Structures are given as C-alpha cells and as structure tokens.
Amino acid sequence: MAAIDWDSLGFDAYRTRTLILSHYVNGEWSPIKVTEDFFFTLDPFAQMNHYAISCFEGLKAFRQKDGRVAIFRPDQNAARLQRTADYLGMPCPDKEMFFKMCEECIRNNMEFLPPYGHKASMYLRPLLIGVHPQMQLVPYPEAIFAVMCAPVGSYYGEHLKSFAGVVPGNYDRAAPKGSGSYKIGANYACTFKPYKIAHEQGYTELLYLNSATREYVDEFGSSNFFGIKGNKYVTPLSDSVLPSITNKTLQEVAADFGMEVEKRPIPVDELDEFEEAGACGTAVVITPMSHIDMKPVLEEDKVDRTFRFMPDGVVGPVCTKLYNRITGIQFGELEDTHGWCHYVEGL
Ligand code: PLP
Ligand code: COI
C-alpha cells in the first residue's frame, strides 16, 4: 500500500482493507462478517434501488495525543440511526451491535487511522439499506447493515477557512412534516443538482430555507447553521433539519464558554445581524461562512441580497474558539469533561 499523506487528505470515498457487514433476515441479524469484498449483490427489485430505502450515519474516530483511540459520541449516532430506521420502517441494529461493528471496522483498518498530529481522523460510515425485492410501498423486515471507513482531513479542502454560501431560492430540501430531520439518502439526492450549479458559480454551500414559507433559515445541504450575535450562539429550531450531533455539542461548548444558547426559528432578515455564521457537522466540523448570497433563481445571475459575516475573510474569534475547543477534546488535547469520547479498548 502506498504511504498515505495524512496532511493532504480531503473527504473522499476510500478503499480500505475491510468492510463490516450483517444481514437482517427471518427476524434476526446474521453473525457479523468482516470482509475484503466491498461489493454487495442486490436484487434489482431491492427496495433501496427503487424506493430509496437507505439511510446512514457519519461519525469520527481519533488517535488522541496520549495514544488512545476515541470515537466521538457514537451513542448519539446509534440513537439517531434508530430514529431514522423507524421512519423508513426498517430493522435497525441496537446500540451494542452498532458500537461493536464500528469498533470492528477501526480494528480491521488500523493502517488507515491517521496518527495524532495531522488534523486528520477516521470517518466511519454506517449504512443501512432495504434489500428485499418488492414493488409494494410497504416496509419489509430485511436489511443489510454495513460499516465502512475512510481516513479524512478537511471536507472543503482546508481547515477553518471561510467559504461562500448561497440560498437557492428555487430549490427546497425538505417538505414541512417530511423527511428533513432523518438521515435518509433521499434528502441528499435532491441537493446534487443545486450543488452542481452552485459550485460552478463559486459557492461552496447551499443554505436552505423552510420550504413552507421560505421565511426562516433551515440548514445547509451538508450541515447545520449557527450564527453568533454578541454573546449568543443561535441555531434554527425546525422540524425539517437534521438533529446534528456537532451542533448539540457546540451548544454545550458555547454554554461552557458562558454564552447564551438560543434554539429558535431564525428569520432570513436576521442573517444581517450575525457577526459570525457557519456550518457545523461531523464532516465540516465548523466551517465559517464569509457571506451568503440569496438568489431567487439559482441558475440566473440575479442576487436579491448578500449577507456578510466576515469582513476581509478573517475567521471570527467565536468560530475559532468553538473549533479549537471541539477539536481539542476530539484529539485528547483538552479534558473531556462531558464524557463525549468513547475509547476503543485495547488500541
Ligand atoms: N445536516 C445535514 C443535512 C447533514 O448531512 C449533517 C451531517 O451529518 C449534519 C446536519 C450534521 O450532523 P452531525 O453533526 O450529526 O454530523
Ligand atoms: C456527515 O457530516 O457525517 C455527513 O454525513 C454529511 C455528508 C454530506 C458528508
């Protein structure tokens, strides 16, 4: 295997050594299989192929300063997968099985776990897919649960750098009372076209508004939104955004810093009032926004409004402080007073 340049990792699908699998059929999960074969055979009628019966999780494992290996808040991911699987009517591994397969994936791919000191980590991608061949729109208790991993660096190519976002006025992500708060593949499918257009126009992120009235901020295509106003950390309360574990963590970190935390609807006009704003999530960690343009039609040139957060492109002090605290805990440089790190025994 060619040596990995840990400092230049991006965020890509990666062929590691093994994949960890289990198949739920006839009312039970099969024994966990560790395989070097990365391809599944699926019936063309499988539920996931037609009806998008597919959901996933994303979490990171870190080689810490003292040499231990920590997974960040996996209990939260196990619980969120359960909630998503219920929504799709799928069987779901319990917390114990979820932990076991994530740990097994790390143990079997140790050569891909970035060493301490490179701002890189191992991303774990648990995937749950409906594999029963079927035409009817009804759930069926059969699924494959797989955990794969990839060594990752920065999602956008550079850590703690600011990027531009755009509100794609003529595209929505999630319907009111729809699937927006679940981590299902279909919520991402609808972002591919607007992302392509936005990227061609030089924007990095899409900021979606609530689709019912387009008056409030929902979230980015890949991550949650937060804004900083004086001593306040403000983040949207909405039924159609993913309950982000990073956002939840940052709210606790902000409170630890003595900041006020407000989780409430954020009217679009209020974007003008934030001194700093950014995206947060497992993949993007904290990614500050330099500005967000609001376009009525993404394909056209017209920009209705521009909200600027970081004059001169300088990353703000609060984003920097939050980023340093969360990554400091993840890499074991700062004390984990909340007990967020789950240590993998024997590594
Ligand atoms: N929102 C969306 C749409 C996401 O895909 C993600 C990523 O998982 C998040 C928010 C952030 O969630 P988390 O912090 O749990 O990774
Ligand atoms: C994550 O942050 O874990 C995600 O799943 C987001 C995805 C766009 C990479």
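Fair warning: this is a prediction, and the values are worked out from it, not measured in the lab.

(A) Quick peek at the environment of Cys-319. Secondary-structure assignment places Cys-319 in helix α7 (residues 317-330). Placed 42 residues apart in sequence, Cys-319 and Ala-277 show a C-alpha to C-alpha distance of 7.9 Å. If sequence neighbours within four positions are ignored, Cys-319 has contacts with Leu-160, Phe-226, Glu-276, Ile-286 and Pro-288.

(B) Here's a closer look at helix α2 (residues 74-88). A rise of 1.5 Å per residue sets the reference length of α2, with its 15 residues, at 21 Å; its end C-alpha atoms lie 21 Å apart and thus fit the reference within 8%. Turning to α2, its buried residues are Pro-74, Asn-77, Ala-78, Arg-80, Leu-81, Thr-84, Ala-85 and Leu-88. Buried residues of α2, viewed axially, fall in a sector of 165 degrees; they line one side. Directly after α2, the chain includes Gly-89, whose backbone phi takes a positive value near 70 degrees.

(C) Representation of the packing of aromatic side chains in the model. Throughout the structure, instances matching the rule amount to 16 aromatic pairs. Relative to Tyr-155, the ring of Phe-11 lies with its centre 5.2 Å away and its plane at 70 degrees, an arrangement referred to as edge-to-face. With Phe-11 in the segment before β1 (19-25) and Tyr-155 in the loop between β8 (143-152) and β9 (163-168), this pair connects stretches of sequence that are 144 residues apart. On the basis of relative accessible area, Tyr-155 is assigned to the partly exposed category, the value being 34%. Here the aromatic rings of Phe-56 and Tyr-188 are separated by 5.1 Å at their centres, their planes lie at 55 degrees, and the arrangement is tilted. Separated by 132 residues along the polypeptide, Phe-56 in strand β4 (residues 54-56) and Tyr-188 in helix α4 (residues 186-189) bring together distant segments of the chain. An identical accessibility class is assigned to Phe-56 and Tyr-188; each is buried.

(D) Fine view of a nonpolar patch on the surface. A cluster of nonpolar side chains, contributed by Phe-45, Tyr-51, Met-135 and Leu-137, occupies part of the molecular surface with about 460 Å² of accessible area. Turning to its location among the elements, Phe-45 is positioned in the loop between β3 (33-35) and α1 (47-51). Among the residues examined, Phe-45 registers a relative accessible area of 43% and is labelled partly exposed.

(E) Structural view of the nonpolar core. Leu-124 and Leu-128 are the most contacted members of the largest nonpolar core, which has 38 residues in total. Of all the elements, helix α3 (residues 95-107) adds the most residues to this core, at 7 residues.

(F) Representation of the site of ligand 1 in the model. Neighbouring ligand 1 are 16 residues; Tyr-188, Glu-219, Ser-244, Thr-246 and Thr-282 lie closest to it. Contact distances for ligand 1 include 2.6 Å between a nitrogen atom and a side-chain N or O atom of Glu-219. Between ligand 1 and Ile-245 there is a distance of 2.8 Å, counted from an oxygen atom to a backbone nitrogen or oxygen. Elements represented by at least two residues in the shell around ligand 1 include exactly α6 (245-256) and β15 (276-281). Split into classes, the residues belonging to the shell around ligand 1 amount to 4 nonpolar, 8 polar and 4 charged.

(G) Structural detail: the pattern of salt bridges. According to the stated counting rule, one finds 16 salt bridges in the structure shown. In this structure, the salt-bridge partner of Lys-229 is Glu-270, at a minimum N-O distance of 2.7 Å. On the criterion of sequence distance, the pair formed by Lys-229 in strand β12 (residues 224-229) and Glu-270 in the loop between β14 (260-263) and β15 is long-range, its members being 41 residues apart. Taking the shortest distance from any N to any O, the salt bridge between Lys-229 and Glu-273 comes out at 2.9 Å. You can see Lys-229 sitting in strand β12 and its partner Glu-273 sitting in the loop between β14 and β15, a full 44 residues away along the chain. By relative accessible area, Glu-273 is classed as partly exposed at 43%. A network of salt bridges, in which partner residues are shared, links Lys-229, Lys-232, Glu-262, Arg-264, Glu-270 and Glu-273.

(H) Summary view of the site of ligand 2. The full set of residues close to ligand 2 is Phe-11, Phe-56, Gly-58, Tyr-123, Arg-125, Tyr-155, Lys-183, Ser-222, Thr-282 and Ala-283. At 3.2 Å from an oxygen atom of ligand 2 is found a side-chain nitrogen or oxygen belonging to Arg-125. Backbone polar atom of Ala-283 to an oxygen atom of ligand 2: 2.8 Å apart, as the coordinates give it. About the coverage of ligand 2: the protein hides 88% of its 280 Å² of free accessible area. When its residues are assigned to classes, the shell around ligand 2 shows 5 nonpolar, 3 polar and 2 charged. When residues of the shell around ligand 2 are assigned to domains, at least three map to each of domain 1 (6-152) and domain 2 (163-330).

(I) Inspection of the domain arrangement of the chain at higher detail. With domains assigned, the chain is organised as domain 1 (6-152) and domain 2 (163-330). Distance between the C-alpha centres of domain 1 and domain 2: 26 Å. Contacts between the two partners involve 21 residues from domain 1, matched on the other side by 22 residues from domain 2. Between domain 1 and domain 2, a total of about 1900 Å² is buried, with carbon and sulfur atoms accounting for 61% of that surface. Where domain 1 touches domain 2, the interface holds 1 salt bridge. In this structure, Arg-73 engages Glu-252 in a salt bridge whose closest nitrogen and oxygen atoms are separated by 3.5 Å. At the surface where domain 1 touches domain 2, the tally comes to 10 residue pairs in polar contact (both at pLDDT 80 or more). Contributions of two or more residues to the side of domain 1 that touches domain 2 are made by β4, β5 (59-63) and α2. Per-class residue counts for the side of domain 1 that touches domain 2 are 10 nonpolar, 6 polar and 5 charged.

Conventions adopted
- Residues numbered from 1 in each chain as written.
- Chains lettered and ligands numbered in written order.
- Predicted model: local features only at pLDDT ≥ 70, side-chain atom pairs only at ≥ 80, totals over all residues.
- Heavy atoms only, no water.
- Helix = DSSP H or I, 4+ residues; strand = E, 2+ residues; numbered from the N terminus.
- Contact = heavy atoms within 4.5 Å.
- Expected span 1.5 Å × (residues − 1).
- Buried < 20%, exposed > 50% of the residue type's maximum accessible area, 1.4 Å probe, protein only.
- Arc of directions from axis to C-beta.
- Phe/Tyr/Trp six-rings, centres within 6.5 Å; stacked < 30°, edge-to-face > 60°.
- Patch = residues over 30% accessible without salt bridge, like charges linked within 9 Å, V, L, I, M, F, W, Y side chains within 5 Å.
- Areas by Shrake-Rupley, 256 points an atom, 1.4 Å probe, with all protein chains shown as cover.
- Salt bridge = Lys/Arg side-chain N within 4 Å of Asp/Glu carboxyl O.
- Core = buried A, V, L, I, M, F, W, Y, C linked by side-chain atoms within 4.5 Å.
- Near = heavy atom within 4 Å.
- Polar contact = N/O pair within 3.5 Å; in protein donor to acceptor, adjacent residues only side chain to side chain.
- Nonpolar A, V, L, I, M, F, W, Y, C, P; charged D, E, K, R; others polar.
- Domains from an automatic or database assignment.
- Buried area = accessible area lost by both parts, 1.4 Å probe.

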